[in-house]
Amino acid sequence: MAKGKPRRRPVIALMTDFTWHNWYLGVMKAVILGVAPDARIVDLCHDVSSRDVREGSFIIGNSYRYFPPGTVFCCVVDPGVGGRRKNIVIETDEYLFVGPDNGILSCVFEEGIVRKVYGVEPGEFTLSPRGATFHGRDIYAPIAAHLSLGVDPAAMGTELDSVLIVPSTKPVVDRGGEIRGRAVYVDTYGNIITDIDEAFLESLMPGKVPWEEMGVRFAGRRVTGVKQFYEQGMEGALMVLRNSWGYLEIAVNRGSAFEKLGLREKKSLEIVVSPPAPETTGA
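Along each chain, residues carry numbers from 1 onward, in the same order as the chain's sequence is written. Totals for whole chains, interfaces and linings use every residue, but because this is a predicted model, local features are given only for residues with pLDDT of at least 70 and side-chain atom pairs only at 80 or more, for both listing and counting. Note that the side-chain values use all heavy atoms of the structure and ignore hydrogens as well as water.

1. Focus on the packing of aromatic side chains
- Each Phe, Tyr or Trp ring, with Trp reduced to its six-membered ring, pairs with another whose centre is within 6.5 Å; inter-plane angles below 30 degrees give stacked pairs, above 60 give edge-to-face pairs, and intermediate values give tilted ones. Enumeration according to the criterion identifies twelve aromatic pairs in this entry.
- Here the aromatic rings of Trp23 and Tyr24 are separated by 5.0 Å at their centres, their planes lie at 65°, and the arrangement is edge-to-face.
- With a relative accessible area of 61%, Trp23 lands in the exposed category.
- Summarising the aromatic geometry, the rings of Phe73 and Tyr95 are spaced 5.7 Å apart at their centres and angled 70° between planes, so their arrangement reads as edge-to-face. On the criterion of sequence distance, the pair formed by Phe73 in strand β3 (residues 72-76) and Tyr95 in the loop between β4 (87-92) and β5 (96-100) is long-range, its members being 22 residues apart. Note on exposure labels: buried denotes an accessible area under 20% of the residue type's maximum, exposed denotes more than 50%, and partly exposed covers the range between, all computed with a 1.4 Å probe on protein chains only. Helix and strand labels come from DSSP, where a helix needs a run of H or I of at least four residues and a strand needs a run of E of at least two; each type is numbered from the N terminus.

Structure follows, in structure tokens:
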């Protein structure tokens with residue numbers, strides 16, 4: 001008998017705003033392993049800002065394509081838990097996404113890769129909820145586990161024709177020709193990632209983007225030039241760079257930009273990029 005390819009263990013990627021400071025995440029993993037004991041569980045992120053579905057969607061949208069085909073993403077940022085929002089499964093050509101219908105999975109629709117969406121009620125493929133405050137344990141973890149075993153999402157629920165979308169923030173060009181964007185994520189180093197990406201700048205400045213001459217303003221500060229990596233900035237000084245995700249990022253070489261700017265939250269921080277004036281020649 002010819003040997004076939006070894007069966008690949010299913011991958012389940014977890015993203016929540018639970019942090020690491022309670023037992024909720026551990027219980028979700030236990031539920032998954034109770035259904036799919038061979039599953040490989042990847043902790044994508046558990047430090048999403050509390051209840052911030054737009055930030056969670058940003059993280060998923062910049063992460064999912066690095067996972068192997070067949071990965072099931074279980075995404076729980078759920079400020080409306082216990083309310084009337086639906087529990088959904090999104091099917092794409094390569095991945096499955098599970099979570100509440102509250103905008104956390106908006107990025108999947110923005111990418112244009114959705115094939116079908118299903119609404120799932122508690123039942124055969126979930127636990128019997130004990131209360132209505134922990135659907136991560138009772139609903140989403142067991143659904144993700146069953147999907148990882150190959151259960152057809154169509155067998156779990158009813159196909160939907162509409163879901164809630166929370167659009168991601170996008171940079172704009174104002175009347176003066178300046179590019180205005182916003183902070184969308186602050187990492188554990190205090191680096192502030194903005195929604196201004198390289199592709200957007202290249203679409204405005206075809207040919208070559210003048211990275212070294214661009215002025216960037218934020219929180220009453222101004223820097224000139226966009227760097228490529230942290231060591232190009234003076235130690236302890238604010239800088240702007242293109243990060244490995246393709247976004248402009250405010251950083252401090254060997255420090256925290258978030259702390260240096262004295263910020264309490266990210267949503268109010270606006271970033272303004274001023275492209276250098278085009279060169280003019282005399283008659």
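2. So, the environment of Ser244
- Its place among the elements puts Ser244 in the loop between β13 (238-242) and β14 (247-252).
- On the basis of relative accessible area, Ser244 is assigned to the exposed category, the value being 76%.
- Sequence separation between Ser244 and Gly255 is eleven residues; the distance between their C-alpha atoms is 18 Å.

3. Looking at unusual backbone geometry
- Although it is not a glycine, Arg51 adopts a positive phi angle of roughly 65°.
- Following the sequence through the fold, Arg51 ends up in the loop between β2 (40-45) and α2 (53-61).
- Residue classification places Arg51 among the exposed positions, given a relative accessible area of 57%.
- Residue Ala219 is not a glycine yet carries a positive backbone phi of 50°.
- Checked against the element boundaries, Ala219 lands in the loop between β11 (215-218) and β12 (221-224).

4. Description of the packing of helix α1 (residues 24-35) against helix α4 (residues 135-148)
- Axis geometry follows a simple rule: fit a line to the C-alpha atoms, using only the stretch in contact for helices, then measure angles between N-to-C directions, giving values from 0 to 180 degrees. The contact between α1 and α4 brings their axes to 8 Å, and the two run at 40°. Between α1 and α4, the crossing angle belongs to the class labelled oblique. Our pair here, α1 against α4, has a crossing hand that is right-handed. Judged by residue contacts, Val27, Met28, Val31, Ile32 and Val35 of α1 engage Gly136, Arg137, Ala141, Pro142, Ala145 and His146 from α4.
- Following the grouping adopted for this structure description, the nonpolar residues are Ala, Val, Leu, Ile, Met, Phe, Trp, Tyr, Cys and Pro, the charged ones are Asp, Glu, Lys and Arg, and the polar ones are all others, Gly among them. Its residues assigned to classes, the contact of α1 with α4 shows eight nonpolar, two polar and one charged. Should an angle fall under 35 degrees it is taken as roughly parallel, and over 145 as roughly antiparallel, whereas 65 to 115 is taken as roughly perpendicular and any remaining angle as oblique. Put simply, a crossing is left-handed when the front helix is turned counterclockwise from the back one by less than a right angle, and right-handed when it is turned clockwise. In what follows, residue pairs with any heavy atoms lying within 4.5 Å of each other are defined as contacts.

5. Describing the state of the cysteines
- Disulfides are defined in this document as cysteine sulfur pairs within 2.5 Å. Throughout the structure, instances matching the rule amount to zero disulfides.
- Just so you know, Cys74 is unpaired, no disulfide at all, and the nearest cysteine sulfur is the one on Cys75, 6.7 Å from it.
- According to the relative accessible area criterion, Cys74 is buried, its value standing at 0%.
- In this structure Cys107 is not part of a disulfide, and its nearest cysteine sulfur, from Cys75, lies 7.6 Å away.
- Using a relative accessible area of 6% as the deciding quantity, one classes Cys107 as buried.

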